[in-house]
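Structural description and commentary
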Amino acid sequence: MNKETESPKGQLVLRTLAMPSDTNPHGHIFGGWIMSQMDVGGGILAQEIARGRIVTVNASSITFHKPAMVGDVVCCYARCLKTGTSSITIAIEIWVKKISDSGNSLGQRYCITDAIYTYVSVDKHNKPRPLAEQFQNFNCETDDISKLALSHT
Ligand SMILES: CCCCCCCCCCCCCCCC(=O)SCCNC(=O)CCNC(=O)[C@H](O)C(C)(C)COP(=O)(O)OP(=O)(O)OC[C@H]1O[C@@H](n2cnc3c(N)ncnc32)[C@H](O)[C@@H]1OP(=O)(O)O
């Protein structure tokens, strides 16, 4: 898949800057830091769908296509793939935007990582809590995203 010719899928849920403290010994940004941004970004969308507390239950299909570097603007896009009774499955993409003028890369923008995270709506005792009935069993293949009544898409 050529990620460089595509556009981000989903809504922008998080935007931050990769800092020197986020680097691994090779000078690239830690994969774990990127996964953490994905967890928070996907969690924001999941919490909006759940209208309440959520926890992460699964992260899968993570692919690191390219490294991120210090100074990159890191943008997290998320879209809901499906919901169950209490679960919410979110596809997440991390894109970087180059804002420094080194190496003729200024303004470039491309996907570096994608993954699928699943969250579960929980009550205050951390037990699964059913989503509101109208938000259960959403399927992005067959349902309009407006079914989830998000504040913006
Ligand atoms: C001051 C506060 C301000 C807040 C301001 C808002 C902030 C907004 C942004 C938040 C951004 C943070 C995002 C980070 C969130 C964490 O970091 S959470 C910390 C890490 N996660 C955890 O600690 C969770 C630990 N796990 C658990 O507690 C339990 O396993 C769970 C998740 C409650 C599930 O309990 P369970 O008894 O296994 O539940 P079970 O009935 O079997 O299954 C429930 C559902 O989960 C699904 N499921 C279970 N296992 C799996 C699996 N492996 N894969 C996929 N689905 C699964 C089931 O299929 C089922 O789905 P439905 O059929 O209901 O749709």
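A brief look at the structure comes next. Every chain's residues receive numbers from 1 upward, in the order its sequence appears when written. For a predicted model such as this one, the threshold for reporting local features is a pLDDT of at least 70, and the threshold for listing and counting side-chain atom pairs is 80 or more; totals across whole chains, interfaces and linings nevertheless cover every residue. Side-chain measures here rest on the full set of heavy atoms in the structure, leaving out hydrogens and waters.

Quick notes on the pairing of strand β4 (residues 87-97)
Throughout this description, buried means an accessible area under 20% of the type-specific maximum (1.4 Å probe, protein chains only), exposed means over 50%, and partly exposed covers the range between. Working definition: helices are DSSP H or I runs of at least four residues, strands are E runs of at least two. Numbering for both runs from the N terminus. Of all 11 residues making up β4, nine are buried, and the element is well covered by its neighbours. The criterion for strand pairing is that DSSP finds at least two bridges linking the strands in question. Counted along the chain from strand β3 (residues 73-83) to the antiparallel partner β4, the turn is three residues long. Of the pairings in the sheet, the one linking β4 to strand β5 (residues 109-121) comprises 11 bridges and is antiparallel in character. Each bridged residue has a counterpart across the sheet, and for A91 the counterpart in β5 is I116.

So, the nonpolar core
Put simply, a nonpolar core is a bunch of buried Ala, Val, Leu, Ile, Met, Phe, Trp, Tyr and Cys residues held in one set by side-chain atoms that sit within 4.5 Å of each other. Counting residues in each nonpolar core, the largest one holds 31 residues, and the members touching the most others are I34, I49, I88, I90 and I92. Sorting the residues of this core by element identifies α1 (31-50), β3, β4 and β5 as the ones contributing at least two each. Of the residues forming this core, the biggest block, seven residues, is contributed by α1. Two residues qualify as a contact provided that any one of their heavy atoms is within 4.5 Å of a heavy atom in the partner residue. The contacts of I49, once residues within four sequence positions are left out, are C80, T83, I88, I90, F135, L148 and L150. Counting residues in each nonpolar core, the second largest holds five residues, with V73, Y77, W95 and C111 among its members.

Honestly, that's just the spatial picture; any functional story needs more than this.
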